[in-house]
4 protein chains.
Amino acid sequence: MINDKPQCHCGVFGIFGIEDPALFTYYGLHALQHRGQEASGIITASKSDSGKTKFNIHKGIGLVSEVFSNAEVFEKKLPGFSSIGHNRYSTTGASDSEKNIQPFTVNYRMGNLAIAHNGQLTNADIIRKELIDDGAIFQTTSDTEVILHLIARCKLENQVDQILEALRKVEGAYSILILTDDKLIAARDPNGFRPLAIGKIHDSFVVASETCAFDINRIDYLRDVEPGELIVIDSDTKNIEDLKSHKINLTETEKKHCVFEFIYFSRPDSRIFGTNVDKIRRKLGKVLASHHPVYPDKPDEKVIVISVPDSSNTVAMGYQQQLEKMDINSKHEIGLIRSHYIGRTFITPGQGNREIGVRIKFNTVKGVLEDKKVVLIDDSIVRGTTSRQLVKLIREAGARSIHIRISSPPILHPCYYGMDFPSEEELIANRFKGDITKIEEYLGVESLEFMTQDQMLEAMVDHTPDNFCTACFSGNYPVKVNTNFEKSLYEV
Amino acid sequence: MINDKPQCHCGVFGIFGIEDPALFTYYGLHALQHRGQEASGIITASKSDSGKTKFNIHKGIGLVSEVFSNAEVFEKKLPGFSSIGHNRYSTTGASDSEKNIQPFTVNYRMGNLAIAHNGQLTNADIIRKELIDDGAIFQTTSDTEVILHLIARCKLENQVDQILEALRKVEGAYSILILTDDKLIAARDPNGFRPLAIGKIHDSFVVASETCAFDINRIDYLRDVEPGELIVIDSDTKNIEDLKSHKINLTETEKKHCVFEFIYFSRPDSRIFGTNVDKIRRKLGKVLASHHPVYPDKPDEKVIVISVPDSSNTVAMGYQQQLEKMDINSKHEIGLIRSHYIGRTFITPGQGNREIGVRIKFNTVKGVLEDKKVVLIDDSIVRGTTSRQLVKLIREAGARSIHIRISSPPILHPCYYGMDFPSEEELIANRFKGDITKIEEYLGVESLEFMTQDQMLEAMVDHTPDNFCTACFSGNYPVKVNTNFEKSLYEV
Amino acid sequence: MINDKPQCHCGVFGIFGIEDPALFTYYGLHALQHRGQEASGIITASKSDSGKTKFNIHKGIGLVSEVFSNAEVFEKKLPGFSSIGHNRYSTTGASDSEKNIQPFTVNYRMGNLAIAHNGQLTNADIIRKELIDDGAIFQTTSDTEVILHLIARCKLENQVDQILEALRKVEGAYSILILTDDKLIAARDPNGFRPLAIGKIHDSFVVASETCAFDINRIDYLRDVEPGELIVIDSDTKNIEDLKSHKINLTETEKKHCVFEFIYFSRPDSRIFGTNVDKIRRKLGKVLASHHPVYPDKPDEKVIVISVPDSSNTVAMGYQQQLEKMDINSKHEIGLIRSHYIGRTFITPGQGNREIGVRIKFNTVKGVLEDKKVVLIDDSIVRGTTSRQLVKLIREAGARSIHIRISSPPILHPCYYGMDFPSEEELIANRFKGDITKIEEYLGVESLEFMTQDQMLEAMVDHTPDNFCTACFSGNYPVKVNTNFEKSLYEV
Amino acid sequence: MINDKPQCHCGVFGIFGIEDPALFTYYGLHALQHRGQEASGIITASKSDSGKTKFNIHKGIGLVSEVFSNAEVFEKKLPGFSSIGHNRYSTTGASDSEKNIQPFTVNYRMGNLAIAHNGQLTNADIIRKELIDDGAIFQTTSDTEVILHLIARCKLENQVDQILEALRKVEGAYSILILTDDKLIAARDPNGFRPLAIGKIHDSFVVASETCAFDINRIDYLRDVEPGELIVIDSDTKNIEDLKSHKINLTETEKKHCVFEFIYFSRPDSRIFGTNVDKIRRKLGKVLASHHPVYPDKPDEKVIVISVPDSSNTVAMGYQQQLEKMDINSKHEIGLIRSHYIGRTFITPGQGNREIGVRIKFNTVKGVLEDKKVVLIDDSIVRGTTSRQLVKLIREAGARSIHIRISSPPILHPCYYGMDFPSEEELIANRFKGDITKIEEYLGVESLEFMTQDQMLEAMVDHTPDNFCTACFSGNYPVKVNTNFEKSLYEV
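Residues numbered from 1 in each chain as written. Chains lettered and ligands numbered in written order. Predicted model: local features only at pLDDT ≥ 70, side-chain atom pairs only at ≥ 80, totals over all residues. Heavy atoms only, no water.

How should I be thinking about the environment of Ser40(C) in this particular structure?
Residues and elements named next belong to chain C. With respect to the helices and strands, the residue Ser40 is situated in strand S3 (residues 39-47). Note on Ser40: relative accessible area 0%, which makes it buried. With twelve residues separating them in the primary sequence, Ser40 and Gly28 have C-alpha atoms 12 Å apart. Those residues in contact with Ser40 that lie beyond four places of it in its chain are Leu29, His58, Lys59, Gly60, Gly62, Val64, Val67, Phe68, His86, Asn87, Ile101 and Gln102. Separated by 3.1 Å, the side chains of Ser40 and Asn87 make a polar contact. (Helix = DSSP H or I, 4+ residues; strand = E, 2+ residues; numbered from the N terminus. Buried < 20%, exposed > 50% of the residue type's maximum accessible area, 1.4 Å probe, protein only. Contact = heavy atoms within 4.5 Å. Polar contact = N/O pair within 3.5 Å; in protein donor to acceptor, adjacent residues only side chain to side chain.)

Could you clarify how one ought to interpret the sheet that holds strand S22 (residues 373-378) of chain B in this entry?
Strand pairing in a sheet takes place through backbone hydrogen bonds and is either antiparallel or parallel in direction. All names here are of chain B. Spatially, five strands are ordered S19-S18-S22-S23-S25 in an open sheet, and the strand pairing comes out parallel. What marks the edges here is a single partner per strand, and that holds for strand S19 (330-332) and strand S25 (447-450). Sheet twist, expressed as the mean angle between neighbouring strand axes with direction ignored, is 20°. (Pairing = 2+ DSSP bridges. Axes fitted to C-alpha atoms, helices over the stretch in contact; angles between N-to-C directions.)

Explain the relation of the copies chain C and chain B to me, please; I cannot follow it from the model alone.
In this structure, two copies of a chain are linked by a rotation about an axis accompanied by a shift along it. When chain C is fitted to chain B, the best match, at an RMSD of 0.1 Å, comes from turning it 179° and sliding it 0.0 Å along the axis. Put plainly, the chains are arranged around a two-fold axis. Every residue of chain C has its C-alpha some distance from the rotation axis, and the shortest such distance is that of Ala136(C), at 3.4 Å. Both copies share a contact surface, since 91% of the interface residues of chain C are interface residues in chain B too. (Least-squares fit on C-alpha atoms with pLDDT ≥ 70 in both.)

Explanation requested: the domain arrangement of chain A in the structure shown.
Interface extent is often summarised as the accessible area lost during association of the parts. Residue and element names in this part refer to chain A. According to the domain assignment, chain A consists of domain 1 (7-272) and domain 2 (279-474). Centre-to-centre separation of domain 1 and domain 2, based on C-alpha positions: 34 Å. Contacts between the two partners involve 31 residues from domain 1, matched on the other side by 26 residues from domain 2. Counting each side, the surface lost to burial between domain 1 and domain 2 is near 2,400 Å², with a carbon and sulfur contribution of 61%. Looking only at domain 1, the three residues that lose the most surface to domain 2 are Phe260, Phe262 and Ile263, adding up to 29% of its buried area. Counting every contact that joins domain 1 to domain 2 gives zero salt bridges. Between the two partners, domain 1 and domain 2, sit ten residue pairs in polar contact (both at pLDDT 80 or more). Elements with a minimum of two residues in the side of domain 1 that touches domain 2: strand S1 (7-8), strand S7 (111-121), strand S15 (257-258) and helix H8 (259-265). Per-element tally for the side of domain 1 that touches domain 2: the top contributor is H8, with seven residues. Tallied by class, residues from the side of domain 1 that touches domain 2 come to 14 nonpolar, eleven polar and six charged. (Domains from an automatic or database assignment. Buried area = accessible area lost by both parts, 1.4 Å probe. Salt bridge = Lys/Arg side-chain N within 4 Å of Asp/Glu carboxyl O. Nonpolar A, V, L, I, M, F, W, Y, C, P; charged D, E, K, R; others polar.)

Help me understand the relation of the copies chain B and chain A, please; the structure alone is not making it clear to me.
Turning chain B through 180° and shifting it by 0.0 Å along the axis lays it on chain A, with an RMSD of 0.0 Å. Here 100% of the interface residues in chain B have copies in chain A that are interface residues too; the copies meet face to matching face.

Got a minute to help me understand the interface of chain B and chain A in this structure?
Between chain B and chain A, the contact holds 61 residues from the first and 61 residues from the second. Interface area for chain B against chain A, summed over the two sides, is near 5,100 Å², with a carbon-plus-sulfur share of 57%. Seen at the junction of chain B and chain A, the total is six salt bridges. Put simply, chain B and chain A have 25 residue pairs in polar contact (both at pLDDT 80 or more) between them. Put simply, the parts of the chain that give the side of chain B that touches chain A at least two residues each are helix H1 (21-31), helix H7 (212-215), helix H9 (277-291), helix H10 (313-325), S19, strand S21 (362-364), helix H11 (366-369) and helix H12 (385-396) of chain B. Each residue belonging to the side of chain B that touches chain A can be placed in one class, and the counts come to 23 nonpolar, 21 polar and 17 charged.

Here you go:
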């Protein structure tokens, strides 16, 4: 109930040619914690006494800080010169299985190889079946493992060619890092669904899901891995022009960035798809206000604009600034206080008959809400259960009327590219067949407005509207999806 | 380095005469988590088969959610009809000792008795020595244990009289809850240093450090336990007029609330000392702006007001609103993003040579800071190390000039009433002997302004200035302190 | 069901004036593990930088090897020059409470003091009540804590006098070690119920429950602490004549050693009460055989003598040797194999309908039992449930007839001096009112013989029969017992 | 140092067509604990709601009782109708890797398949390299995984045929259990190195390493899986004649049982290779005595025969009975007491300068050794370090002279079929180049005698001498071994 937000995919971080690579990866994964809180893992490559490359690994269930709670892990278990790491939120694959924690590592005929994947493949099940029929033994229920088998079975002799051949066979969303005995390889699917950025520190190159993972490490941002691009970093890569770039897709493909990365998922201090997230969020607030303003009821009254913290803070700021520009008497206030002590494992005993619900996460600031006309800004509504409880809380604090404004359109369809929504039947927009009046009634608010798809894309400055995937709003899937495939294959 | 804030005392919660009292206490302690993150404990009183009252206990090191991570604890270990709980941040007593986790419980000649204490006693060491010389055996290094011994040794026959006699012997700061076989007793020191509020749900009475612990449980706030008041709740207490009130101090004593509860420590959604915290904080921002405004350098420029999240958010809002009222061109922005994944046990390996510092907790939003004149609002500066690093971060994000405004005066003296500052030598205001120019230089800012004591007290609406303890700013200690007492007594 | 033996008390070990005293204590407690498997603790005294004595402690639930599973504990937590340790099997006091793990330590007006106690006091409850009425605060439900309070409250100025005064007030069984800032004190109750031996290594003195704790440490045995003796070891104690000896009891008291220490409880390789345990056990077997022989049914047949391993192995050996001496055709065989992988926490899921029972601990060696007349030697029968299952097992292995011989009399009465029997109603001898025929029937054997009390005492070579407590057989309690005292006092 | 015995392989248990199969496996693995104490695992097959077979798994590091310490595991995690389990002692493969804990399970084109293996393959590295070159991805460093890949890649359509084809490719020692969606398959290598027995309970069939795993579960022993036999158990297998038997090897192969299973490794209460272990051990003692007796020094003296408990107890008994038959005046005594509290994780801090050594495991019974001529019976000597320390202990207890008699020949060569000896250089017989006088000197004994290979085989009643592998004594390896294969392949 508390996590009534589209939960998403994963975060990846990789670095090559530096002392203590695991420490950079650790801090990078910490900065990417919002992209996956279920499990975390780091792999490093080091030289053994015999001069061979050895892979070292530490993975576990929990937050980065829980999995890496012992400083000795870094000194004793994770030496080396290169590293990749992964934060996980499960999309496919049973979430409880420790086997599914990435990065995955194998030893195959070309040596060691480790992989960390953000995204979701759409033809993994078909390839998996083919591989199994050919005698492949799968160890996990993860999409990602098919890529390993495709690489291991490729008869080509050059490792980069093996990887290119493997990636040309898979479809869907992937921002992927591969560590080998002597290389760090990064690749992004031709549509560029998920972000992936290249950075540099001293002579070393870094790749990460978002630039916030660079900032914590004082790494400079260079550019993004382009959609459909595979880059190779090795000991010869000293300058940006040394980056070896390969094209994965042989024909041209249109960019289809996940719009939810801007709306909700990425951190506001990150730069993704070439634009600051914070900038888009403020713009979303402004466009939302211009199309869906709320006016005061009386001459001297100020409309109170509050956000659902923290993800909607910037949108609310933009919304109120636009109201002001439109000379609508208003004030931005902190009306909800959020508790940050709710960890992964917080339990709510006895909550059934107690209506604790959102109260463990939010409390109202009575002074700012009492007898006020309140605009509640949120980035999205999924099931609507949390929103409904928040409305009740705000009402109890004395708000005279409550008006919800959402900085995205109603979600109507599932995502097959790495975003985790509840089942279609549970989506509030489907439950009420898009009837806004009924949703207002269910939520208990005086008014509710979503952005239209066009309004939302209007806020995506620096981008043409066609460059975004809007499948969850429109049902237009840019990469075809096989929804009939026998699910039981995954039951291991 | 990260916790470069005055760390403080503890939170207490008690409830009497209700089903599942431990659940109320659990949620209440969760809401009071900011008052102590080191350890947590709950005690309940239940009836055994023989009709006698039995005390049940569960305590541990960690956050409330860590100590109570198993729902079975409530069903199996904590049945009963009344309960008290405690969140701990150690002030005196070695912090690593599990023995010091409250509530403490004893079995003495009048039956069971448990105690939870927020505050710090100033004559505990003297009383402790007297008791030890008389054959008392101490189990902890905590101040609080002397109260237990004073009660157990009191020759009076009435339990409430025993407690009153004990409390009349101790001096300093205490907001205290005592659970007995058939009563819940709450008491507050004559100066009222720490808050303590009374609430009611159905026919049951509740006492807690802050009202946010009521909100989460849908408990109604009634009134505060008055300074110098001891109240008794038992099975006859059904209405507010049934509350039995006793006077602890026989002569009149002046109120001396801890002003830091308003400035920094309590939650903005709580009501303490009779006033909403959020209201005082906004007022602090306004007074701060009116005395210490920052003007734009150029005609069309807007001064950017940002806060150190989350504790200074409301102050920053008040500050910018006042600037606006003063027609100073300005904008409130979110310039720092705070990570909420830094738990109690986050480690920072290799940070020595890495300058990770505040980067694990804060990142800048480049777009809003670049080439701007920035006002950074904070509630207090203790050592100054964190502020200095934040300034560096903001500078790296491109700020043209940085102006710090603090919503309290410089801290110069230790607190003996429950607030935990670093040693006097470490306080930045002492290090630079109050020379603001030198502090500006150290922090690397264009300007720095503190509030004066009078300005700060001007913001304490609903209160007369004399009602606050300002010892940490002024050195005027309202309750005398024996600083020479042999510390080694506590070394167990 | 598996532990169908009288479970007993505790083991103690202390050492003074040596490097790494905790290591000696650790190995000593390991050798004394059979005396208590529930919890273990070690306390050391070390000098702090200021020259004061500091007490260091490590305790926990579990076997010695479980509580001390980390070698760093010794280096980092347990430095010093003297140490005492304790293995616990709970007699009084709730077994699940970590508070009750000994040694107990306190800081009182004479400095630090720690105590480790083997035995059980008979007037602890009366003294406890008096102390509580006088304002003492108890932290545990253990007998032992009353001694601490008596010492702390004693007005005498000399610490040894304080301890003597305290011990003169308590009655019952105690072999006790006390560690102070500069002394190791050992005391044994006037009846000498439990063993306590003095050893020496280099210039250092050691005290332990059994001599097996000396052997593992290459410590030489000197003599026993005498019944009613208190000895003081300090930095002046270099030779045996330096041991300061004090008399606890002012009038003469008869020795009353616990006969079960010889029969079952102590290790066969120990020397207690001045005699090798193994010697007494073999003698018990011989006396048992001479009074209760088993004859073969046919001329060439050999009676097969087997034991319940491991505690009855020596008795069985003595029994068969005596049969041989009596020209009774017989053979000692290993008929039962015991599993040693059953730790403290072994679970037996689904055993209800599965009759796993003793099978998880014992299996038969079919080849030696098939078609044989078998004598099963055991040291005692308590409930009889295990014996009954063993008989069934032996029968299934093909034994033609089974004859049980027990090296002690029937147990009819509870022990108040530290041995833990089941309730009187559960004792098999009581259930069948001493009717041997009915017990034979219940166990399913062809014959059963116990030793009489006189026969048993006949085997106690080197001792006069009067020197033993036989209360559990005869009901003659050498120290009066108050069985009516309100038990609920202990319910903390 | 303590485990100075040949450590061996593993134990397996499987059951088909019964309620609660995991419970049978749990108790069976407990009975087989001596065959591997490092890790344990159970897999069950159950029907999912859709009627498909689902595999359930629980594995972990530690003893059976440690891995299965929670009864809920059985109810919640391990439902089903069939099960296999494995106790592990690592032979090849890094022992610290959790990945290597068996049973292994995979999902391949024919469904689920799990495998548990006792033994060691001699051509695993060669096959592994071939498979890797062909694109196979290995997850463990275990021999056993090659069998899985061979099965998964087999193009035959019948699952049993696939398994037969796979087993025909591997060489070496294996007693193997395979669980599939609807079958339990058991197979034993053509030489029959390791034991494997078939049992029956009600209508269900069971397979286990030793019969002691049947006894604990009241399962009846039927017969052994024959060398080179693969048997198939499914839902049609109700009677012994329903067991489907397949021949693995197409040509005849000689039986080569591991003689160490009789000498030391199997439990004395088990029946393996068709004979009771206890019977062979007693016979070994008798043959040893007849060839290597020890005579008393004086007319009335009795030679004292003691064993190193517990593995040599039966041999010592046989030895002394034979001495008696030979009219050599002698007595069997318990001279060494063994501690059973030394778990897997017992630490020996400070032992370097303390000579704790065997003292943590053994203590002497002084009374039986003092001034005696002692024969110490042991089953084998590997490094000799433990024996040397035991001799020292016995000498300290006052033995006049010490004579070691060993119930096996000197070990000179490594085992490649699943027994784990130290390196050849460490073997005492190699160190002293077989010079018995020098070994006597090293051990500090008056005399030492091993059995010759012929004497040892003379004791193997019911068997012809040729039916045993004696490679570790003679260097004659019945299955060829490739010792040059690149070891680094296994470094994952």
